[in-house]
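Structural overview
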Amino acid sequence: MKKILVIDEDPVFRNTLNRLLSERGWEVSEAEDGSKGLEMVVQHQPRVVVCGMRTPGCNGYQLTQFIQGHRELVPATQVVVTTAASHSRDRETALEAGANAVLIKPIIAAELFKILDGLTRTESDKPAGEPGPEAHVAHKTKVRFWGVRGSLPTPGAGTVFYGGNTSCVEVRAEGQIIILDAGSGIRSLGVQLASEFKNKSLELTLLLTHTHWDHIHGFPFFAPAYDPKNVVRVLSYEGARRGLEATLSIQMESPYFPISLQQMPGNITIQELKGLSFKIGSVKVEAMFVNHPGVCVGYRLFTSCGSVAYLPDNELSRRRTNPGASELGRSVSEMPQPSQREDQKLIEFIKGAEVAIMDSQYDENEYASHVGWGHSCADDAVAVAVQARVKNFFLFHHDPSHNDDKISRMLAKAKEVAAPLGGATRVEAAREGLEIEF
Ligand SMILES: [Zn+2]
Ligand SMILES: [Zn+2]
């Protein structure tokens, strides 16, 4: 039975909701004040909590913030905040804190049921004999490239084969749809999801490695975020002084974009991650801070079929020139400490991955004039992947100045580098539309 907790100081309101929801098959519990309610949320892990915006003890805003900031304690509970129509700012404030929905009092039963249906509909709720589109991938992990380019989208005749869209990779595993970065590739992914799932609601998790443009500029064009029946969770680390949500909001502010992030009709929650290990459903995720300007991470997703490592922006240390040493023409490869320790950490992070998608923006000559820019030489990335016994390695974050021919030559060179190192790593260059299933 689905559990729901109603937190409100008004006993008549709690009673009414209890009756309405019990009739619909919910297991309802009640709390008259916020602090007691918060305890019950952690203890009982309800599917949904309905909390008044001005409930004493811990109000709806504080409760939402706590839940969104402590997903390790409350991984799946969704929050509906209630408020009076006269408090017009409450709605915005609650959604900003990460509430999944806001209900205006007096509550209309049909509206409440509609919201709850949207928030809780999953595969298991569908009538038997009506398998959802995701059913066929339930026991496999599927990785699909929607954008493989770094820095800037580069459409045109020269990039038709590998594709010109910026970073976006879709992973489907354990019934979850996880999107890695929101570069311009996410637009086509959104179109595909909308046509595949039609009138079914979607629960999506978008994991951002960092907030450089090429990893977020597709989000305003992501169709599922405009559909009120969908839930989109955006997770990342605080990449800027103003925080993750503000950073994502700014690119949609007037005069840059006509619709603000807050106006997007989907149920969008934005959560700053704290720890380096967390779960999305039953997919365990580990993160690692990497060498790239600002705050940037790589992720590794562990599924029951194997793992996917994604490090789109990272400058490996082995070739980096030490500023003091550059005058002498010595590279870091001649100075084993401490840079190789950094690479070693990364090797441990990706060790044995089924799939590793890694920054390979430059060739050997280009790298020499881009030291410290935060991107790697493809030859180094492949060497690290072979050393880590990765099964399938993909050159990724292709430079905007590289056409298909250039990327194919870099791929051939990467294969040459890999061969004498031994091992069984399959080396490929990521390209739009390419799909791997394992
Ligand atoms: Zn990038
Ligand atoms: Zn970047």
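Residues numbered from 1 in each chain as written. Chains lettered and ligands numbered in written order. Predicted model: local features only at pLDDT ≥ 70, side-chain atom pairs only at ≥ 80, totals over all residues.

Across its full length, the protein carries 13 helices and 19 strands. At 24 Å, the protein has a C-alpha radius of gyration in line with the 22 Å of a compact globule built from 438 residues. The C-alpha extent of the protein, read off along each of the three principal axes, is 80 × 50 × 40 Å. Going through the 438 residues of the protein one by one, you find that 45% of them count as buried. (Helix = DSSP H or I, 4+ residues; strand = E, 2+ residues; numbered from the N terminus. Rg over C-alpha atoms; globule rule 2.2 N^0.38 Å. Buried ≥ 20, exposed ≤ 12 C-beta atoms within 10 Å, placed from the backbone.)

So, on to the sheet that holds strand 3 (residues 48-52). With respect to topology, five strands assemble into an open sheet ordered 2-1-3-4-5, the strand pairing being parallel. In this open sheet, the two strands that pair with only one neighbour each are strand 2 (27-31) and strand 5 (101-105). Across the sheet, the mean angle separating the axes of adjacent strands is 20° when strand polarity is ignored. Here strand 4 (residues 78-84) pairs with strand 5 via five bridges, running parallel. By the bridge assignment for strand 5, Val80 is matched with Ala101. Packed onto the sheet, helix 1 (residues 11-23) meets strand 1 (3-7), strand 2 and strand 3 and runs at close to 170° relative to strand 2. (Pairing = 2+ DSSP bridges. Axes fitted to C-alpha atoms, helices over the stretch in contact; angles between N-to-C directions. Contact = placed C-beta atoms within 7 Å.)

A few words on helix 4 (residues 88-97). Since the α-helix turns once every 3.6 residues, residues separated by three or four places project in the same direction. Among all positions in helix 4, only Asp90, Ala94 and Ala97 are buried. Down the axis of helix 4, the buried side of the element spans an arc of 60°, and every buried residue falls inside it. For helix 4, the exposed residues lying more than 90 degrees away from the buried face are Ser88, Arg89 and Glu92. On the buried face of helix 4, the contacting elements are helix 3 (60-69), strand 4 and strand 5. Once helix 4 ends, the next one or two residues include Gly98, with phi positive near 110°. (Arc of directions from axis to C-beta.)

With domains assigned, the protein is organised as domain 1 (3-120) and domain 2 (134-437). Relative placement of domain 1 and domain 2: their C-alpha centres are 36 Å apart. Between domain 1 and domain 2, the residue contacts involve twelve residues of the former and eleven residues of the latter. For the side of domain 1 that touches domain 2, the secondary structure elements donating two or more residues are helix 4 and helix 5 (109-120). Here the element with the most residues in the side of domain 1 that touches domain 2 is helix 4; it accounts for three residues. Class assignment for the residues of the side of domain 1 that touches domain 2 results in four nonpolar, four polar and four charged. (Domains from an automatic or database assignment. Nonpolar A, V, L, I, M, F, W, Y, C, P; charged D, E, K, R; others polar.)

Ile179, Ala356, Ile357, Val382, Ala385 and Leu395 are the most contacted members of the largest nonpolar core, which totals 82 residues. If we ignore the near neighbours within four places in the chain, the residues touching Ala385 are Ile350, Ala356, Met358, Val390, Phe393 and Thr425. Cys58, Tyr61, Val81 and Leu103 belong to the second-largest nonpolar core, a separate cluster that totals 30 residues. (Core = buried A, V, L, I, M, F, W, Y, C linked by C-beta atoms within 7 Å.)

A separate point is the packing of helix 12 (residues 378-387) against helix 13 (residues 404-418). Following both chains from N to C, one finds helix 12 and helix 13 inclined at 40°, their axes separated by 9 Å at the closest point. Accordingly, the angle class assigned to the pair helix 12 and helix 13 is oblique. Once helix 12 is placed against helix 13, the crossing between them reads as right-handed. Here helix 12 contributes Ala378, Asp379, Val382, Ala383 and Val386 to the contact with helix 13, which in turn contributes Met410, Lys413, Ala414, Val417 and Ala418. Of the residues in the contact of helix 12 with helix 13, the class split is eight nonpolar, no polar and two charged. (Parallel < 35°, antiparallel > 145°, perpendicular 65-115°, else oblique. Left-handed = near helix turned anticlockwise from the far one by under 90°.)

Of note, the amide linkage connecting Ser254 to Pro255 takes the cis form, showing an omega dihedral of 10°. On the secondary structure map, Pro255 appears in the loop between helix 8 (244-250) and strand 11 (267-272). Of note in this structure, Arg389 is not a glycine but carries a positive phi near 55°. Position of Arg389 relative to the elements: it lies in the loop between helix 12 and strand 17 (392-396). By C-beta crowding, Arg389 is classed as partly exposed, having 14 other C-beta atoms within 10 Å. At His397, a position not held by glycine, the phi torsion is positive, near 60°.

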